[in-house]
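# Remarks on the overall topology
Residue-level listing of the chains:
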Number of protein chains: 2
Amino acid sequence: MGTLRVGMVGLGVVGGGVAKILQESAAELARRSGRRLELTRVAVRDPAKSRDIALPAGIVTDDLAKVVEGDACDVVIELMGGTTTARDVVLRALANGKSVVTANKALLATHGAELFAAARQAGQTIAFEAAVAGGVPIIANLSQCLTANRIESLTAILNGTCNFILSKMHAEGVPYSDVIAEAQRLGYAEADPAMDVDGTDTVQKLTILAQLAFGAVADWATVPRGGIDTLDLADVRFAQQRGYTIKLLGVAQSTPTGVQLRVGPTLVKNERQLAQVGGAFNAVRVTADAVGELLYYGPGAGRMPTASAVVADLVDTAVGRARLTFDTLGLWDASAPGPAIASPADAIGRYYLRVIGDDQPGVLAQIAGCLAAQGISIASFLQHEPLTDGKLVPLIITTHDTTEGAAARACDKIAALESVQGKPVRLRIAD
Amino acid sequence: MGTLRVGMVGLGVVGGGVAKILQESAAELARRSGRRLELTRVAVRDPAKSRDIALPAGIVTDDLAKVVEGDACDVVIELMGGTTTARDVVLRALANGKSVVTANKALLATHGAELFAAARQAGQTIAFEAAVAGGVPIIANLSQCLTANRIESLTAILNGTCNFILSKMHAEGVPYSDVIAEAQRLGYAEADPAMDVDGTDTVQKLTILAQLAFGAVADWATVPRGGIDTLDLADVRFAQQRGYTIKLLGVAQSTPTGVQLRVGPTLVKNERQLAQVGGAFNAVRVTADAVGELLYYGPGAGRMPTASAVVADLVDTAVGRARLTFDTLGLWDASAPGPAIASPADAIGRYYLRVIGDDQPGVLAQIAGCLAAQGISIASFLQHEPLTDGKLVPLIITTHDTTEGAAARACDKIAALESVQGKPVRLRIAD
Ligand SMILES: NC(=O)c1ccc[n+]([C@@H]2O[C@H](COP(=O)([O-])OP(=O)(O)OC[C@H]3O[C@@H](n4cnc5c(N)ncnc54)[C@H](OP(=O)(O)O)[C@@H]3O)[C@@H](O)[C@H]2O)c1
Ligand SMILES: NC(=O)c1ccc[n+]([C@@H]2O[C@H](COP(=O)([O-])OP(=O)(O)OC[C@H]3O[C@@H](n4cnc5c(N)ncnc54)[C@H](OP(=O)(O)O)[C@@H]3O)[C@@H](O)[C@H]2O)c1
């Protein structure tokens, strides 16, 4: 096999890292691939921009066609982001007989079925290790290493920005609004972090994992989603007092009625490994019938960790492993529809509730009545000292297992009580 | 591609699990492999033995030749253990044009170079995911997922029996001798656990990982090795008082003079993830130039987790990925000698020392003098209350970075002091 000519779209955070690895580890990569990997074209928005990576003259272009069409590249790495031009880039590359490597979770979560159909049609492959959990090779592990297993559940911390912010809120007792500002200053959060902090990014990654683990096709926009942007420091404190850490978890679970998916701030017992994942790190806990439990932990983003995943895909493509995996996995294959997505209302689990009630007799009985009416039994109950104004008390309740539907109905009833202020805060407790 | 006819040698703990997965997940495995996997021959010592797994008549035999020769099997899974007959089984299978899957770390650590040369010669492959860390897919991760990286270090808990025993010693304050008996009763330790508890098993697995991560060829018998069988409960207590947990760690590190390898009970700061790996679990921490840090955690042994790894290899072999990986990795390839094994005396690190001295003036000065003479500086020093007889005091010292050679020389000098009883206990502190 001759040199593999590599085209790339995007030379930003991740693209720059990929170019660096291709330059600095050329000899090792050639050995591990059985052939040379040569960067022949890189498309960017602005070729005149000064960059910290020096490429041979004539490689960088603002003409996408020079990468995705013609004869200069055998494979195309898409690292521009977004779902419009990026979709076009991938489709054109495939149509022109080029396999694709991408780190773009938004693209796959939104257009996965279309892109994979196009790849099959064109006889090409798509590899996407970097799209979920950055440097943590969870895609390869689900596709290859756990193939003897029926996956039962995935429980994952998939957004480093959120985990960084949550870790700070816990350690320093500072509210979300203060930490997000600091995270932006330190570069742990984007200038516009909306998709991170509202849970969108986690949901998109989770639906990709659900496709791999269960063959389930989920519309990410319909997955129940909570973010950390609405998380109150008070709940962090109350959770801590009970021995819990709040994490933004994405959960995918095989159940008798289909695959349950959800994302939201979740109370995790401090002793659990996921509770101990600090800073901007990611982690994925997998339970499966044969292996039992596995945990993967590592950097979920950043230039070099993400580039490490992209280049692993590139080597897999160069060696020919990507083709074998692509052909046998049949991802997003309309002719082999996967399991149903279960109704979120049927999801079973425990809840943490915080209710602000008037400091007067009978409130507790009314709240307990609302829960009992939905068949929800209380695991623990704590009435705190009145808030500063002396008239309102926070009531912290944890429940035994119930359904999401019952918990939501009970909270609606509680919110309607005259002696209760506002809507209860309701968070899941991890199993 | 037609059916892949699978022969197996061994139907014990792991072999029984493999047979179970092949039976119960036949349809899924066929889909994921693109072909049927059919168990056609299983060799055992005693075909008459009653087993908890029912196989079709005529499959089970005590004639190894029916598996490794002739035409009944396309691949051979070696799950009998040992290094003599097992070596013969693998060589004969290869010579007869059959690729091999094995879980046998002792075999690979002892005869890896010979077996891989034979496989190359025969145009066949050897896959061995289950040989290290059981259900944790560390082999595939080092071979494929981290291929864009230069590995810097591996720090690993690779023996579940030892970790189970250590966890009990820490949690319950009971000495090694009591726990090992219980572990055997519960089935966490073999009837003859010598190779586990003296560190041999960990060393063998570590040398296999060192081949994958660095291309280093190490004779496992020459790697510095400590076990838990000589670990004193007193040191567990003193370590705990200082915020450390003692773990049996295997460490492989790239250094300027070659690859450093060692196995031994090691003090790990409680906050570190490796310190929190409990029970019979394994974990591998990898540091590498691009990805930074990754941690893998899961069951290191047991019927189904180990079978999960074996069947993953089998699917890789069926799909053809194993061939591509085998050809490009060039493991144990005499024509591409890897880095040198560094001299253990040059290993740099911190130490925990426990010295039993006479309770009289001047002892401390003498000990400190022995350390200073080797250029070792003291990080912390604690003289405990005299032992029950009132005449001897335990002195606990932690050092700053020094070399193994200097630490060993200082301890020899300390042991020779008249005011000191016996040899100092010396344990590494993890970086
Ligand atoms: N950053 C991470 O840690 C991380 C982690 C995992 C996955 N990802 C994913 O990786 C992808 C890239 O992220 P990034 O952080 O590297 O983004 P980035 O730093 O913003 O870089 C984007 C690159 O794409 C180029 N580009 C944008 N629009 C283009 C167009 N129309 N034509 C040609 N080039 C265009 C830009 O060119 P100019 O340089 O000229 O502006 C830039 O080089 C995204 O899908 C992201 O979700 C990122
Ligand atoms: N057990 C674990 O958790 C684990 C984890 C990782 C790796 N491994 C490795 O996996 C391998 C197997 O371990 P295991 O625990 O499954 O061992 P095991 O339970 O002792 O089973 C050994 C099997 O090999 C058969 N056998 C032994 N000598 C034979 C011979 N000369 N000819 C034909 N068959 C023979 C035995 O036959 P009979 O049944 O008739 O006696 C038995 O079925 C070992 O290399 C071990 O290191 C084990």
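Labelled according to an unreviewed UniProt entry, chain A appears under the name Homoserine dehydrogenase, originating from Botrimarina hoheduenensis. Per UniProt, chain A has the following entry under Catalytic activity (unreviewed entry): "L-homoserine + NADP(+) = L-aspartate 4-semialdehyde + NADPH + H(+)". According to the UniProt record, the Sequence similarities (unreviewed entry) comment for chain A is "Belongs to the homoserine dehydrogenase family."

This part takes up the pairing of strand β7 (residues 151-157) of chain A. Residues and elements named next belong to chain A. By the criterion of burial, β7 is predominantly enclosed, with 6 of the 7 residues buried. The sheet contact formed by β7 and strand β10 (residues 281-288) spans 6 bridges and is antiparallel. By the bridge assignment for β10, Thr 155 is matched with Arg 285. Examined bridge by bridge, β7 and strand β8 (residues 244-255) share 4 bridges and lie antiparallel to one another. Within β8, the position partnered with Thr 155 by the bridge is Val 251.

All right, on to the UniProt feature "domain: ACT" (unreviewed entry) in chain A then. With numbering aligned to this structure, UniProt lists the feature "domain: ACT" (unreviewed entry) at residues 352-428 of chain A. Structurally, residues 352-428 of chain A comprises 31% helix and 42% strand, and the distance from its first C-alpha atom to its last is 6 Å.

Our next topic: the packing of helix α6 (residues 138-145) of chain A against helix α6 (residues 138-145) of chain B. The N-to-C vectors of α6(A) and α6(B) enclose an angle of 120°; their axes lie 11 Å apart at closest approach. One way to sum up the angle between α6(A) and α6(B) is to call them oblique. Seen from above, α6(A) lies across α6(B) with right-handed handedness. Touching Ala140(A), Asn141(A), Gln144(A) and Cys145(A) of α6(A) are Ala140(B), Asn141(B), Gln144(B) and Cys145(B), all from α6(B). Here the residues of the contact of α6(A) with α6(B) are counted per class, giving 4 nonpolar, 4 polar and no charged.

Okay, the interface of chain B and chain A next. The interface of chain B with chain A comprises 46 residues on the first partner and 46 residues on the second. Together, the buried faces of chain B and chain A total about 3900 Å²; carbon and sulfur atoms form 53% of this surface. Its largest share of buried area at the contact with chain A, chain B owes to Thr147(B), Tyr297(B) and Arg321(B), together 16% of the area lost on that side. Inspection of the region where chain B meets chain A yields 2 salt bridges. Salt-bridge contacts for Glu28(B) lead to Arg150(A); the nearest nitrogen and oxygen are separated by 2.8 Å.

All right, on to the sheet that holds strand β2 (residues 37-43) of chain B then. Residues and elements named next belong to chain B. Read from one edge of the open sheet, 6 strands run β3-β2-β1-β4-β5-β6, paired in parallel fashion. Where the open sheet ends on each side, the last strands, each with one partner, are β3 (60-61) and β6 (126-127). The pairing of β2 with β3 spans 2 bridges and is classified as parallel. Bridge assignment links Ala 43 to a residue of β3, and that residue is Thr 61.

Here we come to the side chain of Asn141(A). In this fold, Asn141(A) is placed in helix α6. Relative accessible area serves as the criterion here: at 0%, Asn141(A) is assigned to the buried category. For Asn141(A), the residues in contact, after removing those within four places along its chain, are Leu146(A), Tyr296(A), Pro137(B), Asn141(B) and Cys145(B).

Time to look at the packing of helix α4 (residues 85-95) of chain B against helix α5 (residues 105-122) of chain B. All names here are of chain B. With their axes 9 Å apart at the nearest point, α4 and α5 run at an angle of 10° to one another. In this view, α4 runs roughly parallel relative to α5, as classed from their interaxial angle. Seen from α4, the contacting residues are Ala 86, Arg 87, Val 90, Leu 91 and Leu 94; seen from α5, they are Leu 107, His 111, Glu 114, Leu 115, Ala 118, Ala 119 and Ala 122.

About the thresholds
- Residues numbered from 1 in each chain as written.
- Chains lettered and ligands numbered in written order.
- Predicted model: local features only at pLDDT ≥ 70, side-chain atom pairs only at ≥ 80, totals over all residues.
- Heavy atoms only, no water.
- UniProt positions renumbered as here; feature names shortened; annotations may be inferred.
- Buried < 20%, exposed > 50% of the residue type's maximum accessible area, 1.4 Å probe, protein only.
- Helix = DSSP H or I, 4+ residues; strand = E, 2+ residues; numbered from the N terminus.
- Pairing = 2+ DSSP bridges.
- Axes fitted to C-alpha atoms, helices over the stretch in contact; angles between N-to-C directions.
- Parallel < 35°, antiparallel > 145°, perpendicular 65-115°, else oblique.
- Left-handed = near helix turned anticlockwise from the far one by under 90°.
- Contact = heavy atoms within 4.5 Å.
- Nonpolar A, V, L, I, M, F, W, Y, C, P; charged D, E, K, R; others polar.
- Buried area = accessible area lost by both parts, 1.4 Å probe.
- Salt bridge = Lys/Arg side-chain N within 4 Å of Asp/Glu carboxyl O.

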